[in-house]
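Examining the three-dimensional arrangement
Here is how the chains run, residue by residue.
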Amino acid sequence: MPLAQQSSSVPVVVDDDKCIADKGCTVCVDVCPLDVLRISDQTGKAFMKYDECWYCMPCEADCPTGAVSVHIPFLLR
Amino acid sequence: MSAFEPFEQFDEVEDIVDRLDDPDPGTRRVAVMDLADSADPSAVTYLKKALGDEAREVRLQVALALAEFDGPETADALVVAVVDEDAGVAQAAADSMAELKDPAAADPILPFVTHESAFVRAASLRALRELKRTESLKPALDAFGDVDATVRSEAISVVGYLKTEDALPALMSMLKDVEPAVRRTAAGALGFSVTTAAAEALAQSLTDSDWQVREIAAETLCKVQSTVAAPALRAALTDEYWQVRQKAIRSLGKLGVAEAVPEIIPSLDHDISNLRKEAAAALGEIEAPEAIPALEAHLDDPDPDVRKNIRWALGRIRSE
(Lines give C-alpha, C1' and ligand atoms only; values in the text may rest on other atoms or scores of the structure.)
Protein backbone atom coordinates (compact mmCIF):
# COMPACT_ATOMS: atom_id res chain seq x y z
CA MET A 1 0.00 0.00 0.00
CA PRO A 2 1.47 3.37 -0.94
CA LEU A 3 1.96 5.82 1.92
CA ALA A 4 1.12 9.48 1.56
CA GLN A 5 4.30 11.33 2.46
CA GLN A 6 3.06 14.81 1.63
CA SER A 7 -0.27 16.53 1.91
CA SER A 8 -1.75 16.64 -1.55
CA SER A 9 -3.83 19.76 -1.11
CA VAL A 10 -2.91 23.20 0.21
CA PRO A 11 -5.24 26.09 1.05
CA VAL A 12 -3.90 28.46 -1.62
CA VAL A 13 -4.66 27.17 -5.10
CA VAL A 14 -3.40 28.94 -8.20
CA ASP A 15 -5.10 28.58 -11.57
CA ASP A 16 -2.11 28.16 -13.87
CA ASP A 17 -4.08 29.23 -16.93
CA LYS A 18 -4.85 32.60 -15.39
CA CYS A 19 -1.56 33.14 -13.51
CA ILE A 20 0.80 35.61 -15.23
CA ALA A 21 3.80 35.02 -12.94
CA ASP A 22 5.77 33.82 -15.98
CA LYS A 23 5.32 37.34 -17.41
CA GLY A 24 7.00 38.87 -14.36
CA CYS A 25 4.11 39.30 -11.96
CA THR A 26 4.93 38.64 -8.26
CA VAL A 27 1.98 40.30 -6.53
CA CYS A 28 0.86 37.30 -4.46
CA VAL A 29 4.41 36.44 -3.38
CA ASP A 30 4.97 40.07 -2.36
CA VAL A 31 1.78 40.51 -0.34
CA CYS A 32 1.94 37.25 1.62
CA PRO A 33 2.80 38.15 5.23
CA LEU A 34 4.08 34.61 5.90
CA ASP A 35 6.12 34.47 2.71
CA VAL A 36 4.89 30.99 1.86
CA LEU A 37 4.21 31.52 -1.86
CA ARG A 38 6.84 31.07 -4.55
CA ILE A 39 7.14 31.16 -8.31
CA SER A 40 7.83 27.65 -9.62
CA ASP A 41 11.06 27.12 -11.53
CA GLN A 42 9.40 24.45 -13.63
CA THR A 43 6.12 26.08 -14.64
CA GLY A 44 6.86 29.76 -14.01
CA LYS A 45 3.57 29.97 -12.11
CA ALA A 46 2.89 30.84 -8.47
CA PHE A 47 2.31 28.05 -5.95
CA MET A 48 2.09 27.51 -2.22
CA LYS A 49 5.44 26.20 -1.07
CA TYR A 50 4.87 26.10 2.70
CA ASP A 51 1.52 25.22 4.20
CA GLU A 52 1.47 27.84 6.97
CA CYS A 53 -1.51 29.85 5.79
CA TRP A 54 -3.23 32.45 7.98
CA TYR A 55 -6.13 32.74 5.53
CA CYS A 56 -5.62 36.51 5.48
CA MET A 57 -6.67 36.71 1.80
CA PRO A 58 -4.55 39.50 0.20
CA CYS A 59 -3.09 37.03 -2.32
CA GLU A 60 -6.59 36.29 -3.57
CA ALA A 61 -7.79 39.89 -3.40
CA ASP A 62 -4.75 41.48 -5.04
CA CYS A 63 -4.13 38.95 -7.83
CA PRO A 64 -4.65 41.02 -11.00
CA THR A 65 -6.09 38.10 -12.96
CA GLY A 66 -8.11 36.43 -10.21
CA ALA A 67 -5.99 33.27 -10.45
CA VAL A 68 -5.54 32.73 -6.71
CA SER A 69 -8.21 31.18 -4.53
CA VAL A 70 -7.84 30.52 -0.82
CA HIS A 71 -9.77 27.59 0.57
CA ILE A 72 -10.62 28.37 4.15
CA PRO A 73 -11.19 25.25 6.29
CA PHE A 74 -14.82 24.83 7.19
CA LEU A 75 -14.22 25.19 10.93
CA LEU A 76 -12.61 28.61 10.52
CA ARG A 77 -15.40 30.12 8.48
CA MET B 1 33.56 60.02 -5.03
CA SER B 2 30.31 61.65 -4.06
CA ALA B 3 29.05 61.62 -0.49
CA PHE B 4 25.82 59.85 -1.38
CA GLU B 5 25.72 56.77 -3.51
CA PRO B 6 22.42 55.02 -4.01
CA PHE B 7 22.44 51.25 -3.88
CA GLU B 8 21.11 50.97 -7.36
CA GLN B 9 21.13 53.50 -10.10
CA PHE B 10 19.11 52.86 -13.21
CA ASP B 11 16.37 54.56 -15.11
CA GLU B 12 13.54 52.37 -13.95
CA VAL B 13 10.77 53.82 -16.12
CA GLU B 14 12.75 53.60 -19.36
CA ASP B 15 13.47 50.00 -18.55
CA ILE B 16 9.80 49.15 -18.09
CA VAL B 17 8.49 51.09 -21.08
CA ASP B 18 10.16 48.74 -23.59
CA ARG B 19 7.96 45.94 -22.28
CA LEU B 20 4.80 47.95 -23.10
CA ASP B 21 5.37 47.02 -26.76
CA ASP B 22 5.68 43.29 -26.06
CA PRO B 23 3.39 41.14 -28.26
CA ASP B 24 2.08 39.32 -25.17
CA PRO B 25 -0.76 41.15 -23.32
CA GLY B 26 0.25 39.50 -20.02
CA THR B 27 3.73 40.99 -20.25
CA ARG B 28 2.29 44.40 -21.12
CA ARG B 29 -0.01 44.14 -18.12
CA VAL B 30 2.88 43.38 -15.77
CA ALA B 31 4.77 46.34 -17.28
CA VAL B 32 1.81 48.58 -16.39
CA MET B 33 1.83 47.22 -12.83
CA ASP B 34 5.56 47.97 -12.60
CA LEU B 35 4.99 51.51 -13.87
CA ALA B 36 2.49 52.06 -11.04
CA ASP B 37 5.00 50.73 -8.51
CA SER B 38 7.73 53.03 -9.83
CA ALA B 39 5.81 56.08 -8.42
CA ASP B 40 7.71 58.13 -11.01
CA PRO B 41 5.51 60.99 -12.32
CA SER B 42 6.95 60.52 -15.82
CA ALA B 43 5.18 57.13 -15.93
CA VAL B 44 1.82 58.88 -16.45
CA THR B 45 2.64 59.77 -20.07
CA TYR B 46 3.33 56.12 -20.87
CA LEU B 47 0.26 54.95 -18.98
CA LYS B 48 -1.87 57.29 -21.04
CA LYS B 49 -0.39 55.85 -24.21
CA ALA B 50 -1.09 52.33 -22.95
CA LEU B 51 -4.80 53.23 -22.76
CA GLY B 52 -4.82 52.68 -26.52
CA ASP B 53 -3.92 49.02 -25.98
CA GLU B 54 -6.16 46.52 -27.75
CA ALA B 55 -6.24 44.16 -24.77
CA ARG B 56 -8.97 44.89 -22.26
CA GLU B 57 -6.93 43.63 -19.28
CA VAL B 58 -4.07 46.01 -20.07
CA ARG B 59 -6.41 49.02 -20.18
CA LEU B 60 -8.04 47.84 -16.95
CA GLN B 61 -4.63 47.66 -15.27
CA VAL B 62 -3.84 51.18 -16.51
CA ALA B 63 -7.08 52.51 -15.03
CA LEU B 64 -6.16 50.89 -11.71
CA ALA B 65 -2.53 52.06 -11.93
CA LEU B 66 -3.53 55.70 -12.45
CA ALA B 67 -4.92 55.76 -8.88
CA GLU B 68 -1.28 55.87 -7.73
CA PHE B 69 -0.73 59.24 -9.40
CA ASP B 70 -2.23 62.72 -9.07
CA GLY B 71 -2.38 66.00 -10.98
CA PRO B 72 -3.80 67.31 -14.27
CA GLU B 73 -1.87 64.82 -16.44
CA THR B 74 -3.32 61.88 -14.54
CA ALA B 75 -6.80 63.35 -14.83
CA ASP B 76 -6.20 63.84 -18.53
CA ALA B 77 -5.49 60.11 -18.90
CA LEU B 78 -8.38 59.06 -16.66
CA VAL B 79 -10.99 60.90 -18.72
CA VAL B 80 -9.86 58.80 -21.67
CA ALA B 81 -10.29 55.61 -19.63
CA VAL B 82 -13.64 56.60 -18.14
CA VAL B 83 -15.23 56.65 -21.61
CA ASP B 84 -13.73 53.22 -22.46
CA GLU B 85 -16.05 50.82 -24.28
CA ASP B 86 -15.43 48.19 -21.60
CA ALA B 87 -17.57 48.74 -18.50
CA GLY B 88 -14.93 47.26 -16.17
CA VAL B 89 -12.24 49.65 -17.43
CA ALA B 90 -14.62 52.62 -17.17
CA GLN B 91 -15.62 51.69 -13.60
CA ALA B 92 -11.98 51.30 -12.51
CA ALA B 93 -11.22 54.68 -14.07
CA ALA B 94 -14.16 56.28 -12.26
CA ASP B 95 -12.88 54.89 -8.95
CA SER B 96 -9.33 56.07 -9.64
CA MET B 97 -10.64 59.49 -10.62
CA ALA B 98 -12.36 59.85 -7.25
CA GLU B 99 -8.93 59.42 -5.60
CA LEU B 100 -7.52 62.60 -7.17
CA LYS B 101 -6.55 65.28 -4.65
CA ASP B 102 -4.76 67.99 -6.65
CA PRO B 103 -7.25 70.84 -7.42
CA ALA B 104 -5.52 71.38 -10.78
CA ALA B 105 -6.77 67.92 -11.81
CA ALA B 106 -10.27 69.40 -12.14
CA ASP B 107 -9.53 71.17 -15.45
CA PRO B 108 -9.51 68.10 -17.73
CA ILE B 109 -12.55 66.65 -15.92
CA LEU B 110 -14.85 69.70 -16.06
CA PRO B 111 -15.91 69.28 -19.75
CA PHE B 112 -17.08 65.71 -18.99
CA VAL B 113 -19.79 66.89 -16.59
CA THR B 114 -22.01 67.38 -19.65
CA HIS B 115 -21.03 64.09 -21.35
CA GLU B 116 -23.79 62.16 -23.11
CA SER B 117 -23.38 59.13 -20.83
CA ALA B 118 -24.93 59.41 -17.36
CA PHE B 119 -22.20 57.16 -15.98
CA VAL B 120 -19.48 59.55 -17.16
CA ARG B 121 -21.38 62.60 -15.84
CA ALA B 122 -21.76 60.98 -12.41
CA ALA B 123 -18.11 59.84 -12.35
CA SER B 124 -16.88 63.33 -13.27
CA LEU B 125 -18.96 65.00 -10.58
CA ARG B 126 -17.83 62.42 -8.03
CA ALA B 127 -14.20 63.23 -8.88
CA LEU B 128 -14.79 67.00 -8.73
CA ARG B 129 -16.30 66.83 -5.25
CA GLU B 130 -13.06 66.52 -3.31
CA LEU B 131 -11.13 68.87 -5.59
CA LYS B 132 -13.31 71.73 -4.30
CA ARG B 133 -12.80 74.08 -7.23
CA THR B 134 -15.18 77.05 -7.44
CA GLU B 135 -15.41 76.46 -11.21
CA SER B 136 -17.34 73.24 -10.53
CA LEU B 137 -20.20 75.14 -8.89
CA LYS B 138 -21.88 76.27 -12.10
CA PRO B 139 -21.82 72.87 -13.91
CA ALA B 140 -22.89 71.12 -10.70
CA LEU B 141 -25.87 73.44 -10.28
CA ASP B 142 -26.79 72.80 -13.92
CA ALA B 143 -26.69 69.07 -13.21
CA PHE B 144 -29.43 69.51 -10.55
CA GLY B 145 -31.87 69.17 -13.45
CA ASP B 146 -30.26 65.97 -14.79
CA VAL B 147 -32.53 63.09 -15.80
CA ASP B 148 -30.34 60.60 -13.91
CA ALA B 149 -30.77 60.44 -10.11
CA THR B 150 -27.15 59.38 -9.47
CA VAL B 151 -25.92 62.42 -11.39
CA ARG B 152 -28.20 64.71 -9.36
CA SER B 153 -26.91 63.15 -6.11
CA GLU B 154 -23.27 63.61 -7.11
CA ALA B 155 -23.97 67.19 -8.17
CA ILE B 156 -25.48 67.94 -4.76
CA SER B 157 -22.36 66.54 -3.07
CA VAL B 158 -20.14 68.79 -5.18
CA VAL B 159 -22.13 71.86 -4.09
CA GLY B 160 -22.20 70.67 -0.47
CA TYR B 161 -18.41 70.33 -0.43
CA LEU B 162 -17.98 73.87 -1.79
CA LYS B 163 -19.98 75.25 1.15
CA THR B 164 -21.20 78.42 -0.55
CA GLU B 165 -24.23 80.05 0.98
CA ASP B 166 -25.21 81.35 -2.52
CA ALA B 167 -26.10 77.81 -3.53
CA LEU B 168 -28.46 77.31 -0.56
CA PRO B 169 -31.74 78.00 -2.40
CA ALA B 170 -30.80 75.47 -5.09
CA LEU B 171 -29.78 72.88 -2.48
CA MET B 172 -32.99 73.40 -0.54
CA SER B 173 -35.03 72.91 -3.70
CA MET B 174 -33.43 69.45 -4.05
CA LEU B 175 -35.13 68.43 -0.79
CA LYS B 176 -38.23 68.18 -2.99
CA ASP B 177 -36.67 65.81 -5.55
CA VAL B 178 -38.76 62.81 -6.62
CA GLU B 179 -35.98 60.35 -5.77
CA PRO B 180 -35.51 59.59 -2.03
CA ALA B 181 -31.76 58.97 -2.51
CA VAL B 182 -31.37 62.48 -3.94
CA ARG B 183 -33.35 64.03 -1.07
CA ARG B 184 -31.11 62.14 1.39
CA THR B 185 -27.95 63.59 -0.16
CA ALA B 186 -29.50 67.07 -0.17
CA ALA B 187 -30.47 66.83 3.51
CA GLY B 188 -26.93 65.81 4.41
CA ALA B 189 -25.34 68.49 2.24
CA LEU B 190 -27.15 71.31 4.04
CA GLY B 191 -25.09 70.69 7.20
CA PHE B 192 -22.53 73.39 6.36
CA SER B 193 -25.10 76.19 6.61
CA VAL B 194 -25.88 78.09 9.79
CA THR B 195 -28.80 80.04 8.33
CA THR B 196 -32.36 79.76 9.60
CA ALA B 197 -33.53 79.19 6.03
CA ALA B 198 -31.61 75.92 5.90
CA ALA B 199 -32.98 74.89 9.31
CA GLU B 200 -36.53 75.63 8.18
CA ALA B 201 -36.08 73.59 5.01
CA LEU B 202 -34.68 70.66 7.00
CA ALA B 203 -37.53 70.96 9.50
CA GLN B 204 -39.93 70.39 6.60
CA SER B 205 -37.96 67.29 5.59
CA LEU B 206 -38.69 65.84 9.05
CA THR B 207 -42.09 64.95 7.60
CA ASP B 208 -40.67 63.43 4.39
CA SER B 209 -42.30 60.20 3.19
CA ASP B 210 -38.93 58.37 3.23
CA TRP B 211 -37.75 57.59 6.77
CA GLN B 212 -34.07 57.76 5.84
CA VAL B 213 -34.56 61.32 4.61
CA ARG B 214 -36.20 62.14 7.94
CA GLU B 215 -33.30 60.49 9.78
CA ILE B 216 -30.65 62.50 7.93
CA ALA B 217 -32.64 65.71 8.31
CA ALA B 218 -32.88 65.14 12.07
CA GLU B 219 -29.17 64.39 12.25
CA THR B 220 -28.11 67.41 10.17
CA LEU B 221 -30.20 69.80 12.24
CA CYS B 222 -27.75 69.67 15.15
CA LYS B 223 -25.00 70.96 12.83
CA VAL B 224 -27.14 73.84 11.59
CA GLN B 225 -27.07 75.25 15.15
CA SER B 226 -30.42 76.97 14.95
CA THR B 227 -33.33 76.36 17.30
CA VAL B 228 -35.96 77.31 14.67
CA ALA B 229 -36.37 73.62 14.00
CA ALA B 230 -36.90 72.72 17.69
CA PRO B 231 -40.72 72.35 17.39
CA ALA B 232 -40.33 70.12 14.33
CA LEU B 233 -37.66 68.03 16.08
CA ARG B 234 -39.94 67.60 19.09
CA ALA B 235 -42.70 66.46 16.74
CA ALA B 236 -40.23 63.95 15.25
CA LEU B 237 -40.03 62.30 18.69
CA THR B 238 -43.31 60.57 17.78
CA ASP B 239 -41.90 59.28 14.47
CA GLU B 240 -42.71 55.65 13.74
CA TYR B 241 -39.03 54.84 13.15
CA TRP B 242 -36.79 54.73 16.24
CA GLN B 243 -33.82 55.64 14.05
CA VAL B 244 -35.45 59.01 13.32
CA ARG B 245 -36.35 59.51 16.99
CA GLN B 246 -32.76 58.69 17.97
CA LYS B 247 -31.33 61.38 15.70
CA ALA B 248 -34.00 63.86 16.82
CA ILE B 249 -33.13 63.23 20.47
CA ARG B 250 -29.44 63.73 19.73
CA SER B 251 -30.09 67.04 17.95
CA LEU B 252 -32.42 68.27 20.70
CA GLY B 253 -29.70 67.46 23.23
CA LYS B 254 -26.98 69.20 21.24
CA LEU B 255 -29.21 72.25 20.76
CA GLY B 256 -30.13 72.22 24.47
CA VAL B 257 -33.89 72.33 24.00
CA ALA B 258 -35.12 72.17 27.63
CA GLU B 259 -38.83 72.00 26.63
CA ALA B 260 -38.22 68.61 25.05
CA VAL B 261 -37.18 66.95 28.33
CA PRO B 262 -40.60 65.43 29.22
CA GLU B 263 -40.85 64.08 25.66
CA ILE B 264 -37.38 62.51 25.75
CA ILE B 265 -37.84 60.75 29.11
CA PRO B 266 -40.21 58.00 27.78
CA SER B 267 -37.44 56.85 25.41
CA LEU B 268 -35.49 55.65 28.47
CA ASP B 269 -37.95 52.73 28.54
CA HIS B 270 -37.66 51.76 24.89
CA ASP B 271 -36.59 48.23 23.83
CA ILE B 272 -33.73 49.51 21.66
CA SER B 273 -30.70 50.22 23.84
CA ASN B 274 -29.29 52.70 21.31
CA LEU B 275 -32.33 54.87 21.84
CA ARG B 276 -32.07 54.66 25.66
CA LYS B 277 -28.39 55.55 25.41
CA GLU B 278 -29.11 58.58 23.23
CA ALA B 279 -31.92 59.73 25.54
CA ALA B 280 -29.67 59.54 28.62
CA ALA B 281 -26.93 61.49 26.83
CA ALA B 282 -29.35 64.18 25.62
CA LEU B 283 -30.87 64.60 29.09
CA GLY B 284 -27.37 65.13 30.48
CA GLU B 285 -26.52 67.57 27.75
CA ILE B 286 -29.63 69.64 28.42
CA GLU B 287 -28.76 69.49 32.17
CA ALA B 288 -32.40 69.34 33.18
CA PRO B 289 -32.87 68.77 36.95
CA GLU B 290 -36.42 67.49 36.34
CA ALA B 291 -34.91 64.46 34.58
CA ILE B 292 -33.11 63.28 37.74
CA PRO B 293 -35.91 60.96 39.02
CA ALA B 294 -36.30 59.31 35.61
CA LEU B 295 -32.56 58.85 35.22
CA GLU B 296 -32.22 57.42 38.74
CA ALA B 297 -34.99 54.94 38.00
CA HIS B 298 -32.88 53.55 35.14
CA LEU B 299 -29.55 53.29 36.99
CA ASP B 300 -29.71 49.49 36.60
CA ASP B 301 -30.37 49.42 32.86
CA PRO B 302 -29.29 46.07 31.36
CA ASP B 303 -27.03 47.78 28.80
CA PRO B 304 -23.64 48.96 30.15
CA ASP B 305 -23.44 51.86 27.69
CA VAL B 306 -26.82 53.14 28.86
CA ARG B 307 -25.75 52.82 32.52
CA LYS B 308 -22.60 54.76 31.74
CA ASN B 309 -24.50 57.58 30.02
CA ILE B 310 -27.04 57.76 32.84
CA ARG B 311 -24.26 58.18 35.41
CA TRP B 312 -22.55 60.76 33.20
CA ALA B 313 -25.83 62.68 32.83
CA LEU B 314 -26.58 62.59 36.57
CA GLY B 315 -23.07 63.79 37.36
CA ARG B 316 -23.44 66.66 34.95
CA ILE B 317 -26.84 67.74 36.21
CA ARG B 318 -25.80 67.54 39.89
CA SER B 319 -22.56 69.46 39.41
CA GLU B 320 -24.65 72.51 38.56
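Note that residues are indexed from 1 along each chain, following the sequence as it is written. Chains carry letters and ligands carry numbers; both start at the beginning, A for chains and 1 for ligands, and go up in the order they are written. Owing to the predicted nature of the model, reporting of local features is limited to residues with pLDDT of at least 70; listing and counting of side-chain atom pairs is limited to 80 or more, with chain, interface and lining totals taken over all residues.

Some points on the overall build of chain A
Each helix and strand counted, chain A has two helices and four strands in total. Mapped in sequence order, the helices and strands of chain A form the string β-α-β-β-α-β. Taken along its principal axes, the extent of the C-alpha atoms in chain A is 40 × 30 × 20 Å. In chain A, which comprises 77 residues, the share counted as buried stands at 23%. A run of DSSP states H or I qualifies as a helix once it reaches four residues; a run of E qualifies as a strand once it reaches two. Both are numbered from the N-terminal end. The exposure scheme places C-beta atoms from the backbone and then counts, for each residue, the other C-beta atoms within 10 Å of its own, assigning buried at 20 or more, exposed at 12 or fewer, and partly exposed in between.

A word on the interface of chain B and chain A
Reports of interface size often rely on the accessible area that becomes lost once the parts have come together. With seven residues of chain B at the contact, the number on the chain A side is five residues. The element that contributes the greatest number of residues to the side of chain B that touches chain A is helix H2 (residues 25-38) of chain B, accounting for five residues. Ten residue types, Ala, Val, Leu, Ile, Met, Phe, Trp, Tyr, Cys and Pro, are classed as nonpolar, four, Asp, Glu, Lys and Arg, as charged, and the remainder, Gly among them, as polar. In terms of residue class, the side of chain B that touches chain A is built from two nonpolar, three polar and two charged. Throughout, a pair of residues is in contact if the C-beta atoms placed from their backbones lie within 7 Å.

A word on helix H10 (residues 149-162) of chain B
Residue and element names in this part refer to chain B. A helix is expected to span 1.5 Å for every residue after the first. Counted at 1.5 Å a residue, the expected span for H10 with its 14 residues is 20 Å, and the 20 Å between its end C-alpha atoms agrees. Considered for burial, the residues of H10 that qualify are Val 151, Arg 152, Ser 153, Glu 154, Ala 155, Ile 156, Val 158, Val 159 and Gly 160. Buried residues along H10 sit against helix H8 (118-131), helix H9 (137-142), helix H11 (168-173) and helix H12 (180-189). Following H10 by one or two positions, Lys 163 adopts a phi angle in the positive range, close to 50 degrees.

Quick notes on the nonpolar core
All names here are of chain B. Residues Leu 47, Val 82, Ala 93, Leu 202, Leu 233 and Leu 283 are the most contacted members of the largest nonpolar core, which totals 118 residues. Sorting elements by how many residues they give to this core places H8 first, with seven residues. Excluding its chain neighbours within four sequence positions, the residues that come into contact with Leu 283 are Val 261, Ile 264, Ala 288, Ala 291, Leu 295 and Ala 313. By definition, a nonpolar core groups buried Ala, Val, Leu, Ile, Met, Phe, Trp, Tyr and Cys residues that connect through C-beta atoms lying within 7 Å of each other.

Considering helix H14 (residues 211-224) of chain B
Residue and element names in this part refer to chain B. With 14 residues, H14 should reach 20 Å at 1.5 Å per residue; the first-to-last C-alpha distance of 20 Å fits that figure. Buried residues dominate H14, accounting for 10 of its 14 residues. Among the residues of H14, Val 213, Arg 214, Glu 215, Ile 216, Ala 217, Ala 218, Glu 219, Thr 220, Leu 221 and Val 224 are the ones counted as buried. Following H14 by one or two positions, Gln 225 adopts a phi angle in the positive range, close to 55 degrees.

Here we look at the confidence of the model for chain B
pLDDT: the predictor's confidence for each residue, scored from 0 to 100. Counting all residues, the mean pLDDT for chain B is 92, and 96% of those residues have values of 70 or more. This complex was scored by the predictor with a pTM of 0.84 and an ipTM of 0.80.

Side note on the packing of H10 of chain B against H12 of chain B
Between two packed helices, the angle of one axis relative to the other and the distance separating the axes together describe the packing. All names here are of chain B. Helix axes are fitted only over the stretch in contact, all axes being lines through C-alpha atoms; the angle between N-to-C directions runs from 0 to 180 degrees. At a minimum axis separation of 9 Å, H10 and H12 run at an interaxial angle of 0 degrees. When the axis of H10 is compared with that of H12, the two are roughly parallel. Residue-level inspection shows Ala 149, Arg 152, Ser 153, Ile 156, Ser 157, Val 159 and Gly 160 of H10 in contact with H12, the latter providing Ala 181, Val 182, Thr 185, Ala 186 and Ala 189. Taken together, the residues that form the contact of H10 with H12 break down as seven nonpolar, four polar and one charged. What sets the label is the angle itself: under 35 degrees gives roughly parallel, over 145 gives roughly antiparallel, 65 to 115 gives roughly perpendicular, and the rest give oblique.

Description of the environment of Ile 109 of chain B
All names here are of chain B. Following the sequence through the fold, Ile 109 ends up in helix H7 (residues 106-109). With 25 C-beta atoms packed within 10 Å, Ile 109 lands in the buried category. For the pair Ile 109 and Phe 144, spaced 35 residues apart in the sequence, the C-alpha separation amounts to 18 Å. In this structure, Ile 109 is in contact with Ala 75, Val 79, Ser 124, Ala 127 and Leu 128, ignoring residues within four places of it in sequence.

Some details on the packing of H2 of chain B against helix H4 (residues 56-65) of chain B
All names here are of chain B. Packing of H2 against H4 brings their axes to within 9 Å, and their N-to-C directions diverge by 5 degrees. When the axis of H2 is compared with that of H4, the two are roughly parallel. Contacts between H2 and H4 involve Pro 25, Arg 28, Arg 29, Val 32, Met 33, Leu 35 and Ala 36 from the first element and Glu 57, Val 58, Gln 61, Val 62 and Ala 65 from the second.

A short note on unusual backbone geometry
All names here are of chain B. Notably, Lys 132 is not glycine yet its phi reads approximately 45 degrees, a positive angle. Counting through the fold element by element, Lys 132 comes out in the loop between H8 and H9. Residue Lys 132 is classed as partly exposed on the basis of its 13 C-beta neighbours within 10 Å. In this structure, Lys 163 takes a positive phi of about 50 degrees despite not being glycine. Here Lys 163 is to be found in the loop between H10 and H11. Judged by the 12 C-beta atoms lying within 10 Å of it, Lys 163 falls in the exposed class.

Comments concerning the environment of Asp 305 of chain B
Structurally, Asp 305 of chain B can be placed in helix H20 (residues 304-318). Residues contacting Asp 305 of chain B, with those up to four places away along its chain left out, are Ser 273 and Lys 277 of chain B.

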